[in-house]
Amino acid sequence: MTTLRIKNAVKRYPNGALAVEGVSVDVEDGELCVFVGPSGCGKSTLLRMVAGLEDVTEGEVELAGRVVNDLEPADRNIAMVFQNYALYPHMSVRKNLAYGLKNRGTPKAEIEAKVQEAAELLQIADYLDRRPGQLSGGQRQRVAMGRAIVRDPAIFLFDEPLSNLDAKLRNQMRLEIKKLQRRLGVAAIYVTHDQVEAMTLADKIVVLNAGKIEQIGTPAEVYGNPATTFVASFIGAPPMNLIPAEAENGAIRLGDQTLNLGLDHRGPVTFGLRPERAHIGASGEGLRMETGVVEELGAIRLVHGRVGPHEITVTQNADQPIPGAEAVLRVEASDIHLFDAETGRRV
Amino acid sequence: MKKAQFSNPWLPYALLAPQMLIIAIFFLWPAAEAIRSSFYLEDPFFGNATFVGLQNYTDAFRASDYQRTAWFTALFVTLVSLLSLAIGLMLAVSADRVLRGQSSYKTLLMWVYAIAPPVAGLIGVMLFDQHIGPLVDFFALFGWEMRLGVNYWDTGIAIIIVSTWKQIPYNFIFFLSGLQSIPNSVKEAARIDCRSERRRFWTITFPLLAPTSFFLLILNITYAMFETFGTIDQMVKDQPGNSPVTLVYKVYRDGFRGNDLGGSAAQSVVLMVLVLILTIVQFRLIERRVHYN
Amino acid sequence: MKYRQILDHVVLLFGVFLMMGPLVVAFLTSTYNHVTIHRQGMQFGWGGQFLDTYQTVLTQQGGFSGEITGLLMTQNSIILGIGFAVGKIVVSMTAAYAIVYFRFRAGTFFFWVIFLTLLLPLEVRILPSYEVAQQLGLLNSYTGLILPLIASATGTFFFRQFFKSVPEELLEASRIDGAGPIQFFWDILVPLSRTMMAAIFIIMFVVGWNQYLWPTIMTTEEQYFTLVRGIQSVMQQMIGADIPYYNEALAMAMLAMLPPALVILIFQRMFIKGLVEQEK
């Protein structure tokens, strides 16, 4: 079953600016769907349209089988975790969790039970009578999630919920969010600009750019078969090397070098190669590379250099010998991505 | 602008109603009345009014009394603003630097803010009283025989001193909080870059305070123009006729004491225009201040 | 370094002398007999008549009609101070709420009307304001005393500024939690504004207490006199008296000063915060 169906959603501001241009996404039951993209790509706007905090200019938002375009946020059966948590600073944790239920007219005993249950699930039962100001960042994060959980929503909406935490806590909370969502089995949309978060959390990734969808797919699909150069450069770290090239007679010409790949495409292309998919050797068949700076990361190292006039970065296991000034990159044909030079689409 | 606002057909109007009602009755109506009657010659005893065009304005501007009051107001506003700003800044700079006793100094220097202008005026009258005033004795040491309420300039100076005194705490509070909001890192960077404390003040601290100072200047001008009314009213009680007063006081005196309704109205319209100019300048400054941040 | 610190202390001590000196002298003088003051001038020591003078001022019926005592004036001052502060907070908070949180056509228009009041200090519209109050029958009443004073723009601007600084997400979170506009105001905004309200209350209490011009022309019946208003009639009696009651006049001045001064000293931090924030 499908929990959420967004159909050709458009958001146009009164000044004519288009934030979202005809986006369609389905979120299935129990699925964790991540909207990822650079800031200003429309991912938060889209989420807020689902929440009812932004009007939908055109298109439909359908939640659990009914169109909710004109419903107030409180009537949509959604729950949201905000970037800065948006906890009510003057209320205790308990009251923060209970406020929404109280407004719905939930009986007191039931509120109490739900708050207690959520608090135990999130391990914040000890802090129920404190105010948000007395809690650490991680604890506030949990309270914000607790406030979402007690509502028993049809879908959770997360708006960059981890961006205010330090790196270590962020990794920990990321895992917790995933476990929690699995355990509750409720569909969720998670908005982030961090591709690592997107890859690790998502059942389904929606890559957005300039208000449009670049690609929808599982993490593996988005990584393995990026639909566009934008997706290719956005997903994966360090990003995919993208080099202008010419395809002719089944071969790729990169400057004065030619790679024989047996492809039947002709014309100008963008040649894509993931840094971790090239094998550096001292000699042999492949792309000649002038090496430059080397960065050690512990288990692996990044080797920066040039192929012709173009910069390129490749990774290498740290137990391999550091290459000399001249090296050769051995590349499998299946690891090469080709994109149309003009449209950026995969060919 | 808030992105997510409420929309409700009547609630915002209901919320604004009390404010708007009071403004309509006690601001707009009297202001319109003032503008209207500034074009009429009104008989205070029989209540009949004749339209006289701009005559009230020209009469007011031509009167030597008005010109003298205008000059005194200009001098008064300039001196009170600059003196109280300068003294307030000096005290704030010192208070910002001392390590011990800062909060006691702050408390003692703030106290006078609580005093109503007429109360300050009353204390001033006593201090400058010819019989009992210690300040008169003090100035007599320098061969100056002060005669409050008799000599025009003696009275003027006394009013300026009391009005300045009353305003110092206000400027002190603002300057001190301005000084304390300069980030420590900036102060420390300046200490590394510049050895001379005086130079540091004029090249780093003072420019950073400049937005506050401009803004305060406007507030001080407003204070000197309007809020000193009570002080002046006390200090010229004996002889308001030939004592120095400000334009605002003259509006009140001509209207209430002199029963020159049209003339008083014309003068108050002139003052409204002055306030308009001050407000525009003030808002320009606020905008600039926003850009600073 | 050491020299610098000493100089700062000298400057500050001189400042304290300048600011507090007149008040100390005024207070000390008020503890003397009026004849002594008349003969020897203002005093720099303790006069021993403290209780007598202040008791007289507080309880003896003064004024021309004899209807007013210092205590009654204090009471009127408190009514004016609190009424002014509370009225101003209520009126300006609701107005600011409407302007910041509602999308409605006339919002900008109303904002400019409120802005307009900045152009009309009471002093420049005093005569017509008096006439309006007279026509409405508000002379010599607490309503007439307080109402015209409370609708100036400063309070509204202050709360508008504060409301704008409240994170938008709180409104969104509460909308998701099912709160309507009135609930949001009561449950979230008012509790969040508590410190701001307290700061504004302190400032406005002092401003209200210290009102002079409006009470002076509004109240001719002495039973409505405030302490600050009473100063004027004290002065009138002093002029022309053989031996003016300097001590009682000064005692009145001290009484008029004390409550606002205490409020400011006790709530010093909040007061400074309110004052500085208000002008932003």
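Residues numbered from 1 in each chain as written. Chains lettered and ligands numbered in written order. Predicted model: local features only at pLDDT ≥ 70, side-chain atom pairs only at ≥ 80, totals over all residues. Heavy atoms only, no water.

**A few points about the overall build of chain C**
The helix and strand inventory of chain C stands at 15 helices and 0 strands. When its C-alpha atoms are laid out on the principal axes, chain C stretches across 75 × 65 × 30 Å. Expressed as a percentage of the 280 residues in chain C, the buried residues total 61%. By sequence separation, contacts in chain C at least 24 residues apart represent 74% of the contacts at least 6 residues apart. For chain C, the accessible area works out to roughly 11300 Å², and carbon and sulfur atoms hold 63% of it. Counting 15 positive and 16 negative side-chain charges, chain C places the averaged centre of each group 11 Å from the other. (Helix = DSSP H or I, 4+ residues; strand = E, 2+ residues; numbered from the N terminus. Buried < 20%, exposed > 50% of the residue type's maximum accessible area, 1.4 Å probe, protein only. Contact = heavy atoms within 4.5 Å. Areas by Shrake-Rupley, 256 points an atom, 1.4 Å probe, with all protein chains shown as cover. Lys, Arg positive; Asp, Glu negative; His and termini not counted. Charge placed at Lys NZ, Arg CZ, Asp CG, Glu CD.)

**With respect to the interface of chain C and chain B**
On the chain B side, the residues contacting the 104 residues of chain C number 91 residues. For the pair chain C and chain B, the two sides together bury roughly 9400 Å², of which 77% comes from carbon and sulfur. Connecting chain C to chain B are 1 salt bridge. Sort the elements by how many residues they give to the side of chain C that touches chain B and helix H1 (residues 2-29) of chain C lands first, with 16 residues. (Buried area = accessible area lost by both parts, 1.4 Å probe. Salt bridge = Lys/Arg side-chain N within 4 Å of Asp/Glu carboxyl O.)

**Details of the packing of aromatic side chains**
Residue and element names in this part refer to chain B. Inspection of every chain in the model, using the stated rule, returns 55 aromatic pairs over all chains. Between Tyr-170 and Phe-174, the ring centres sit 5.0 Å apart and the planes meet at 45°, which makes this aromatic pair tilted. Highlighted residues: Tyr-170 and Phe-174, both in helix H7 (residues 152-180), separated by 4 residues, approximately one helical turn. On the basis of relative accessible area, Tyr-170 is assigned to the buried category, the value being 10%. The exposure class of Phe-174 is buried, given its relative accessible area of 4%. (Phe/Tyr/Trp six-rings, centres within 6.5 Å; stacked < 30°, edge-to-face > 60°.)

**Digging into the pairing of strand S10 (residues 212-217) of chain A**
Residues and elements named next belong to chain A. Direction of pairing for strand S9 (residues 204-209) relative to S10: antiparallel, over a ladder of 5 bridges. Counted as the bridge partner of Leu-208 is Ile-213 from S10. Linking S9 to S10, which pair antiparallel, is a turn of 2 residues; within it Ala-210 sits at a positive phi near 50°. (Pairing = 2+ DSSP bridges.)

**What to know about a positive patch on the surface**
On the surface, a cluster of positive charge is made up of A:Lys95, A:Lys102, A:Lys108, A:Arg131 and C:Arg194. Here C:Arg194 is to be found in helix H11 (residues 194-209). (Patch = residues over 30% accessible without salt bridge, like charges linked within 9 Å, V, L, I, M, F, W, Y side chains within 5 Å.)

**What about the domain arrangement of chain A?**
Think of interface size as the accessible area that goes away when the parts come together; that is how it is often given. Residue and element names in this part refer to chain A. Domain boundaries in chain A define domain 1 (2-234) and domain 2 (241-340). Centre-to-centre separation of domain 1 and domain 2, based on C-alpha positions: 39 Å. Carbon and sulfur atoms supply 60% of the area that domain 1 and domain 2 bury against each other, a total of about 610 Å² over both sides. Taken as a group, Tyr-223, Thr-229 and Ala-232 account for 71% of the area that domain 1 buries against domain 2, more than any other trio of residues on that side. Where domain 1 meets domain 2, there are 0 salt bridges. Within the residue set of the side of domain 1 that touches domain 2, elements represented by two or more residues are helix H7 (219-224) and helix H8 (229-234). (Domains from an automatic or database assignment.)

**A closer look at the sheet that holds S9(A)**
Residues and elements named next belong to chain A. Strand order in the open sheet formed by 6 strands is S6-S7-S8-S3-S9-S10, and the pairing between neighbours is mixed. Because the sheet does not close on itself, it has two edges, and the strands there are strand S6 (78-81) and S10. Here the strands of the sheet are splayed against their neighbours by 20° on average, with no regard to which way each runs. Pairing geometry for strand S3 (residues 32-36) and strand S8 (residues 187-192), over 5 bridges, is parallel. Counterpart to Phe-35 in the pairing with S8 is Val-191. (Axes fitted to C-alpha atoms, helices over the stretch in contact; angles between N-to-C directions.)

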